[in-house]
Amino acid sequence: MSHRSPTKRLLQELQAYEQEPNDALLQLGPVSDDELMHWTAVMKGVEGTAYEGGVWKLDIHVPDTYPLAPPQITFVTRICHPNVHFKTGEICLDLLKTTWSPVYTISSTLSTIQTFLTSAEPDSPLNIDIAQMFREGDQVGAEALIRFYTESERWDGR
């Protein structure tokens, strides 16, 4: 069974992003002209939340089977969220696993990830500590911890 290369689709997505940038992002694109299957993004925090003012770099690996299979997206910049592993940046989100569909683009997937920051699922955590605070109803403590890491871990362009 032959697979069509995702190159054409990725180039179309890149052109669409350049023509209509995504409000959730400061930057999106391949790491270099030679590596179309490896992208990076810089995401902004959601205004009016504990993530406001945050800036995170994300790493995006596009599989050969894209768009039939989802990209692998991880946070490079550390982020405090119940469904993101603090050390590895792995994201626990159904869209990146079971509910993926080829109608999604890399840009729209990143918009979903930004929205996901405001809707934690503490019952399926990758970060046990912050999930426990949410489960115990310690919203003030959880938001204070999120704000602390949002500020101290802010991506600075390096």
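Residues numbered from 1 in each chain as written. Predicted model: local features only at pLDDT ≥ 70, side-chain atom pairs only at ≥ 80, totals over all residues. Heavy atoms only, no water.

The UniProt record marks residues 5-155 with the feature "domain: UBC core" (unreviewed entry), using the residue numbering of this structure. With 30% helix and 16% strand, residues 5-155 has end C-alpha atoms that lie 32 Å from one another. (UniProt positions renumbered as here; feature names shortened; annotations may be inferred. Helix = DSSP H or I, 4+ residues; strand = E, 2+ residues; numbered from the N terminus.)

Turning our eyes to something else, we now look at the sheet that holds strand β1 (residues 25-30). Judged by pairing direction, the sheet is antiparallel, and its four strands sit side by side in the order β1-β2-β3-β4 without closing on themselves. The open sheet has two edge strands, β1 and β4 (72-75), and neither has a second partner. If you compare each strand with its neighbour and ignore which way they point, the axes differ by 15 degrees on average. Across seven bridges, strand β2 (residues 38-44) lies against strand β3 (residues 55-61) in antiparallel orientation. Note on β3: the bridge partner recorded for V42 is K57. (Pairing = 2+ DSSP bridges. Axes fitted to C-alpha atoms, helices over the stretch in contact; angles between N-to-C directions.)

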